[in-house]
Amino acid sequence: MNPIKVGLLGIGTVGSGTFNVLKRNQEEIRRRAGRGIEIAVVADLNTERARELTGGTVDVVSDANDVVTRPDIDIVVELIGGYGIARELVLKAIENGKHVVTANKALLAVHGNEIFEAARKKGVIVAFEAAVAGGIPIIKALREGLTANRIQWIAGIINGTTNFILSEMRDKGLDFDTVLKEAQQLGYAEADPTFDIEGIDAAHKVTLMSAIAFGMPVQFDRAHVEGITRLAAIDIKYAEELGYRIKLLGITRRREEGVELRVHPTLVPASRLIANVEGAMNAVLVQGDAVGATLYYGKGAGAEPTASAVIADLVDVTRLHTADPNHRVPHLAFQPDELSTVPVLPIDEVTSSYYLRMRVADQTGVLAEITRILAEGGISIDAMLQKESREGEPQTDIIILTHLTREKQINVAIASIEALQTVLSPVTRLRMEELN
Ligand code: HSE
């Protein structure tokens, strides 16, 4: 049988990784897919570099429109990124009857509903394994491997840049700005790291996981997003003393009233496997009602790890493209007419445990006033740490860990605590998850 023909949009890091792995492993991939998979054309603005990378073996064009409309192309691989031109090209590829494989989490988290609907109408596949956690087959696991389960929650370290920064802050006791600069020098962080450090990249990814775990439309605009830019080294240290690590987690949880969808720095017990995921690695913990907890670990970025996911999608499409569209795995794991309208809960309605740090005057009755406010708010204390005050400085740090409480309750209590004259700093508040 003739090879299936692929058009590649963008031959940067992931594109060249895809080209190289497909070439290196072509025989094994052909045996798995049932026919060869051949990149026939590459579109890249830098045509000279694209020719160099592909060794003159494929057509190279500068205009991606020439690929998405080209009659002999069966699958378009979109590796351009972003929401703008990528959206236009993906929709045009679908319109022209092409299947699409993409690593573009931002595009799908924001425009996924429109793109999946367009694909459904045309009977084509949009596959996106590489969009979440790079080489970890988490989309496959959620959509297929765990399909028997009512998924209860997912918590993931799904941004390698921020995990690298947090690991360095903890290991070396350095502050955020210093480590960010180091990460940029080492090439771990982009020159403009905003999407990573502000939690937006992780929010794109958890939005996609949430949609396929709970069978609801993608709703990035409803996600609560906090990055790590305001995280202080002192909180990492105090968390450690209390037996916790701080990780930037993407969390989505099914609750009776709706679904939680949030990204923020989170205290996790140091004994959990996921708390020990260090450096730029990713890990996703999924709790299903039948299987219990399952943990997926691996490289979340990089040329060949991401290529591994792109090619897995290419093989899936190659196997399935002649199947009746109704017999394929639905884009969002649930049949498109069975998607749920369950709301994404506002952050005020989220339930979590909390870490509270405050600077207080070291005098009689301060702690009693703080605990009274918490008790009046119905907030139960789980643990407490008071640091010794330094000589000649009658001030000290108090750290309180709470049991589960609703975010709006903790906000009310924090406002009352901050109004106390003996509380000398704003309260630093971080969320905690036991993940058990
Ligand atoms: N920039 C991401 C990360 C990889 O640091 O994990 C691509 O989503």
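For the structure, check the block above.
Residues numbered from 1 in each chain as written. Predicted model: local features only at pLDDT ≥ 70, side-chain atom pairs only at ≥ 80, totals over all residues. Heavy atoms only, no water.

J.: I'd like a description of helix H12 (residues 233-241), backed by residues and values.
T.: For H12, the complete set of buried residues consists of Asp-235, Ile-236, Tyr-238 and Ala-239. The buried residues of H12 all sit within an arc of 170° when viewed along its axis, so they share a single face. Gly-243 sits one or two positions beyond H12 and adopts a positive phi of about 90°. (Buried < 20%, exposed > 50% of the residue type's maximum accessible area, 1.4 Å probe, protein only. Helix = DSSP H or I, 4+ residues; strand = E, 2+ residues; numbered from the N terminus. Arc of directions from axis to C-beta.)

J.: Can you explain the pattern of salt bridges? Please cite residues and give values.
T.: According to the stated counting rule, one finds 40 salt bridges in the structure shown. Note that Arg-253 and Glu-433 form a salt bridge whose closest N and O atoms lie 3.0 Å from each other. Of this pair, Arg-253 sits in strand E9 (residues 244-255) while Glu-433 sits in the segment after strand E17 (428-432), placing them 180 residues apart in sequence. For the pair shown, Arg-253 and Glu-433 are each scored as buried. The closest approach of N and O atoms between Glu-407 and Arg-429, which form a salt bridge, is 3.3 Å. Of this pair, Glu-407 sits in helix H15 (residues 407-418) while Arg-429 sits in strand E17, and the two are 22 residues apart along the sequence. Judged by its relative accessible area of 2%, Glu-407 is buried. A relative accessible area of 25% means that Arg-429 is categorised as partly exposed. (Salt bridge = Lys/Arg side-chain N within 4 Å of Asp/Glu carboxyl O.)

J.: Just give me the short version of the packing of aromatic side chains, but keep the residues and values in it.
T.: Across all of its chains, the model carries one aromatic pair by this definition. Judged by centre distance (5.6 Å) and plane angle (40°), the rings of Phe-116 and Phe-128 are tilted. Taken as a pair, Phe-116 in helix H6 (residues 105-122) and Phe-128 in the loop between strand E6 (126-127) and helix H7 (138-145) lie far apart in primary sequence, twelve residues in all. Like Phe-128, Phe-116 is buried. (Phe/Tyr/Trp six-rings, centres within 6.5 Å; stacked < 30°, edge-to-face > 60°.)

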